Amino acid sequence: MLLQLDTAREQHMAKLAMFAGANKESPKTLETTASLRKRWISFCRRLTHEAGVMKGGLLAEGVVHKWWTRLLEMRDVNTTGRFGSSLVDQVRLLQVFDSSSLSHIATVELGLWFVWFTQQTVGQECLVKDKMGNEHAVLIQQSEITDLDPNQTAQQNVALLELFVADLDDAIKRDLTPETSECAVESVFEDGHGCGPKNMARVKKYIQAAADPYSAVRSPDSDLALFLDLLSSPYALSTTEYQEYVQRLEWEAVPGLPLENQESRQQAFFKARHDFLERVHSQDSIFFTREMQDQYEQQARLNVHAEISVLKFKTWSAEHLNQLCHTPLVANSPLPLRL
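Residues numbered from 1 in each chain as written. Predicted model: local features only at pLDDT ≥ 70, side-chain atom pairs only at ≥ 80, totals over all residues. Heavy atoms only, no water.

**Re the packing of aromatic side chains**
Logical step 1: Throughout the structure, instances matching the rule amount to 14 aromatic pairs.
Logical step 2: Relative to phenylalanine 114, the ring of tryptophan 40 lies with its centre 6.4 Å away and its plane at 55°, an arrangement referred to as tilted. On the criterion of sequence distance, the pair formed by tryptophan 40 in helix H2 (residues 27-48) and phenylalanine 114 in helix H6 (residues 105-114) is long-range, its members being 74 residues apart.
Logical step 3: Here the aromatic cluster, defined as three or more aromatic residues joined through ring pairs, consists of Trp40, Trp67, Trp113, Phe114, Phe117 and Phe164. (Phe/Tyr/Trp six-rings, centres within 6.5 Å; stacked < 30°, edge-to-face > 60°. Helix = DSSP H or I, 4+ residues; strand = E, 2+ residues; numbered from the N terminus.)

**Observations concerning the environment of isoleucine 286**
Logical step 1: Residue placement: isoleucine 286 occurs in the loop between helix H11 (262-282) and helix H12 (290-326).
Logical step 2: For the pair isoleucine 286 and serine 233, spaced 53 residues apart in sequence, the C-alpha separation works out to 9.7 Å.
Logical step 3: Residues in contact with isoleucine 286, not counting those within four places in the same chain, are Tyr214, Asp229, Tyr235, Val280, Glu297, Ala300, Arg301 and Val304. (Contact = heavy atoms within 4.5 Å.)

**Comments concerning helix H8 (residues 197-209)**
Logical step 1: Between its first and last C-alpha, H8 extends 18 Å over 13 residues, near the 18 Å set by a 1.5 Å rise per residue.
Logical step 2: Within the sequence span of H8, burial applies to Asn199, Met200, Val203, Tyr206, Ile207 and Ala209.
Logical step 3: Its buried side turned inward, H8 meets H6, helix H7 (150-175) and helix H9 (223-231). (Expected span 1.5 Å × (residues − 1). Buried < 20%, exposed > 50% of the residue type's maximum accessible area, 1.4 Å probe, protein only.)

**What about the pattern of salt bridges?**
Logical step 1: Under the counting rule described, the total for this entry stands at 17 salt bridges.
Logical step 2: Across the salt bridge formed by aspartate 169 and lysine 173, the nearest N and O atoms sit 3.1 Å from each other. Taken together, the residues aspartate 169 and lysine 173, both in helix H7 and four residues apart, mark about one turn of the helix.
Logical step 3: Residue classification places aspartate 169 among the buried residues on the basis of a relative accessible area of 4%. (Salt bridge = Lys/Arg side-chain N within 4 Å of Asp/Glu carboxyl O.)

**Some points on the packing of helix H10 (residues 239-253) against H11**
Logical step 1: Viewed as axis vectors pointing N to C, H10 and H11 meet at an angle of 130°, and their least axial separation amounts to 10 Å. Taken as axis vectors, H10 and H11 run oblique relative to one another. Here H10 and H11 pass one another in a crossing that is right-handed. Across the interface between the two elements, Tyr242, Val246, Leu249, Glu250 and Ala253 from H10 touch Gln266, Phe269, Phe270 and Arg273 from H11. (Axes fitted to C-alpha atoms, helices over the stretch in contact; angles between N-to-C directions. Parallel < 35°, antiparallel > 145°, perpendicular 65-115°, else oblique. Left-handed = near helix turned anticlockwise from the far one by under 90°.)

**Digging into the nonpolar core**
Logical step 1: Counting 71 residues, the largest nonpolar core has Trp40, Leu110, Leu112, Phe114 and Phe164 as its most contacted members.
Logical step 2: Among the elements that make up this core, the one with the highest residue count is H7 (nine residues).
Logical step 3: Look past the residues within four positions of tryptophan 40 in its chain and what remains in contact with it is Val64, Trp67, Trp68, Trp113, Phe114 and Phe164. (Core = buried A, V, L, I, M, F, W, Y, C linked by side-chain atoms within 4.5 Å.)

**Concerning the environment of threonine 239**
Logical step 1: Secondary-structure assignment places threonine 239 in helix H10.
Logical step 2: For threonine 239, a relative accessible area of 48% puts it in the partly exposed group.
Logical step 3: Remark: the alpha-carbon pair of threonine 239 and leucine 302, spanning 63 residues in sequence, is separated by 8.7 Å.
Logical step 4: Sequence-distant contacts of threonine 239, that is, excluding residues within four places in its chain, are made with Gln299 and Asn303.

What follows is the structure in structure tokens.
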């Protein structure tokens, strides 16, 4: 039992090292982080200035950098247990967004930054030994995927969005001076601004709709439809990339520890994931917009269908093995002795 526990701990630490996001110093991660940071700062400056190219005051700049730090913290796998919403996934999402045509570009991008801002799973602290024998405190996630309420997560992200906008608006007002009044907006809450009341209501609607994309009919020409399609774009990854993405989702929902109920948690994930994908696959189209349907529908259906088949096999294998383990053995008939 101790050997199994040590092995599970080693596997968990290996996963943390592989998908630790912003807190690892690999060249790819550093490049991704730098690219996203540049994008975030540029986007926030467009929100704070009409010209979009002039720097804001010190307080506004401080708010921008403070929320970037929060974004990194929310992607820290050591404290959130989130393998499936990494910085790499955020970059990929924005790349698909850049190739699309939208009428409310700033509004949709604001939604993309905050729709997955927080999604923390519940866990407990566990001591894990490294190769040198030193113990480290690691947060071990215990929630099953069925415990994560997407509607509650959406409400939390809407609240964070409102807090960010209010924080930014307050800094802009306090930074405002006669020298900067010609280039800086006086309030991000003004009508016509990217964070104006109408646009903020639109972004909140986007984030809340993401909790259950297929709960209503979406107009294929709407920005909401394309926003939801962007969030579904991982379905259309290449086969190899999609398998890696699914593996990260499983690790996020089913950590290796605690060992005693790992198998039951894994089966719960398989069932919940299977039921969810069956619903996705049963739609007339996975994507809402014609643009995404033309480019990604076929690949997405192949990936979803393949994952459903794999989940069915995993569930059948577990049930079959369980039956074998609990079937009493029948005594063999004695063989006749030949003298």
